[in-house]
Amino acid sequence: MRGLTVLAGLAVLLPALIFAGLFAGAVALDIGTVLNSLLDIDGPRQDFIVLQSRLPRGLLAALAGGALALSGALIQALMRNPLASPKIVGINSGAALAVLIAAFYIPALPQSLLPVPAVIGGVIAGALVWWCAQRGNIDPRHLTLVGLAIGLTLDAGVEALLVANTGPESSAPLIWLTGSLWGRGWAHIASVAPILLGLSLMVLVLAFRLDLQALGPDRAAGVGVRVGLERGLALLAAVILASVAVSVVGVLGFVGLMAPHIATRLVGGRHRIMLPTAALFGAVLTVSADTIGRAVRPPLEISAGILTALMGAAFFIWLLLAEDRRTYQ
């Protein structure tokens with residue numbers, strides 16, 4: 001019952017936050033202007049700002065945040081490590097590096113095809129982590145360190161690419177790398193929504209398979225789970241979700257790490273209820289960060305990635321202090 005209550009609350013909160021985001025930005029709008037544009041009513045309107053800029057931006061923030069949260073929850077379940085996330089294990093960095101290579105060296109590549117190099121880069125990073133896991137009998141807790149090493153290597157590649165391309169064309173990638181929704185519109189949604197929505201729905205429908213995986217390899221195999229195959233497919237789903245999200249919103253720090261933690265604290269660890277809760281919370285977190293970033297000091301914008309990183313840092317400091325207090329009580 002508690003899980004359903006939390007889900008219902010987040011499902012109501014998310015559209016409310018997207019609606020609130022229609023008012024935030026360089027141009028202040030009153031509620032009448034926003035409603036006139038949304039409902040096609042005669043009167044003062046700002047159709048371009050409301051319908052072509054802020055509305056698709058809010059929807060894309062929700063899509064990307066939910067995808068990153070789902071990816072993080074899958075990775076944490078597979079690696080049995082609560083500190084694992086798409087960013088920590090290098091998937092985001094692999095996707096970012098591949099997108100930058102495409103942007104700098106294939107400038108004719110249309111925006112709608114950017115998810116392709118992103119997925120290729122993310123899959124290569126994920127495959128390296130998986131290869132290390134299969135090859136060396138690495139403890140799942142230590143596997144995160146392997147992913148971190150691969151991610152740092154790929155981050156170095158990103159830095160080298162930016163240093164090698166210092167012209168005016170590098171300004172947009174720099175903004176994108178901070179995790180920004182600036183300039184995003186319906187075309188960006190059209191390029192990623194079918195992938196993110198379809199894959200997210202599949203993951204949510206099959207969430208009970210992760211609960212079976214949690215029984216351990218032997219017991220899971222005993223109830224008909226093909227452990228290796230299903231783990232590989234779940235990791236591939238996590239990689240694609242994170243990579244496609246990165247291709248349009250950049251590297252949003254801490255969303256894939258923080259949302260599963262908070263969802264577990266709210267509704268428990270059963271994936272059938274935890275995964276949709278994490279997805280909704282990731283969407284709420286990203287939409288909130290984007291709206292706050294536009295509202296704090298207009299016309300300047302603070303990237304959503306900067307704010308999610310600040311939120312994540314504050315959350316984990318609080319979590320660490322709470323654990324310490326519990327230990328010494």
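Everything below is about the structure printed above this text.
Residues numbered from 1 in each chain as written. Predicted model: local features only at pLDDT ≥ 70, side-chain atom pairs only at ≥ 80, totals over all residues. Heavy atoms only, no water.

Engineer: Can you break down the pattern of salt bridges residue by residue, with the values?
Structural biologist: Summed over the entire model, instances satisfying the criterion amount to 6 salt bridges. For arginine 57, the salt bridge goes to glutamate 301, with nearest N and O atoms at 2.7 Å. Within this pair, whereas arginine 57 is found in helix H3 (residues 47–79), its partner glutamate 301 is found in the loop between helix H13 (271–295) and helix H14 (304–328), the two being separated by 244 residues in sequence. By relative accessible area, which is 6% here, arginine 57 ends up buried. For glutamate 301, a relative accessible area of 37% corresponds to the partly exposed category. The partner of lysine 87 in a salt bridge is aspartate 155, with the nearest N and O atoms 3.5 Å apart. (Salt bridge = Lys/Arg side-chain N within 4 Å of Asp/Glu carboxyl O. Helix = DSSP H or I, 4+ residues; strand = E, 2+ residues; numbered from the N terminus. Buried < 20%, exposed > 50% of the residue type's maximum accessible area, 1.4 Å probe, protein only.)

Engineer: Describe helix H4 (residues 91–105), with residues and values.
Structural biologist: For H4, which comprises 15 residues, the first-to-last C-alpha distance of 21 Å matches the rise-based estimate of 21 Å (1.5 Å per residue) to within 8%. Burial analysis of H4 places 12 of its 15 residues in the buried class, the great majority of the element. Of the positions making up H4, those classed as buried are Ile91, Asn92, Ser93, Gly94, Ala95, Ala96, Leu97, Ala98, Val99, Leu100, Ala102 and Phe104. (Expected span 1.5 Å × (residues − 1).)

Engineer: Give me the side chain of serine 37: which residues, what numbers.
Structural biologist: The residue serine 37 is located in helix H2 (residues 31–39) in this model. A polar contact is formed between the side chain of serine 37 and the backbone nitrogen of glutamine 46, at a distance of 3.0 Å. Within the structure, the side chain of serine 37 is placed 3.0 Å from the side chain of aspartate 47, a separation counted as a polar contact. When near neighbours in sequence (up to four residues on either side) are disregarded, serine 37 contacts Arg45, Gln46, Asp47, Val50 and Leu51. (Polar contact = N/O pair within 3.5 Å; in protein donor to acceptor, adjacent residues only side chain to side chain. Contact = heavy atoms within 4.5 Å.)

Engineer: Mind laying out the packing of aromatic side chains, listing which residues take part and the relevant values?
Structural biologist: What the rule picks out here adds up to 4 aromatic pairs. Plain terms: the ring middles of phenylalanine 315 and tryptophan 318 are 6.0 Å apart, the flat faces sit at 35 degrees to each other, and that makes the pair tilted. Of this pair, phenylalanine 315 and tryptophan 318 both sit in helix H14, separated by 3 residues, roughly a single helical turn. Residue classification places tryptophan 318 among the partly exposed residues on the basis of a relative accessible area of 43%. Among the aromatic residues, those joined into a cluster by ring pairs are Phe254, Phe315, Phe316 and Trp318. (Phe/Tyr/Trp six-rings, centres within 6.5 Å; stacked < 30°, edge-to-face > 60°.)

Engineer: Describe the environment of leucine 78, and please don't skip the residues or the numbers.
Structural biologist: Tracing the chain through its elements places leucine 78 in helix H3. Look at leucine 78 and you get buried, because its relative accessible area is 6%. When the C-alpha positions of leucine 78 and glycine 232 are compared, they lie 9.2 Å apart, and in sequence the two are 154 residues distant. Sequence-distant contacts of leucine 78, defined by excluding residues within four places in its chain, comprise Arg231, Ala234 and Leu235.

The values are spatial; any link to function lies outside them.
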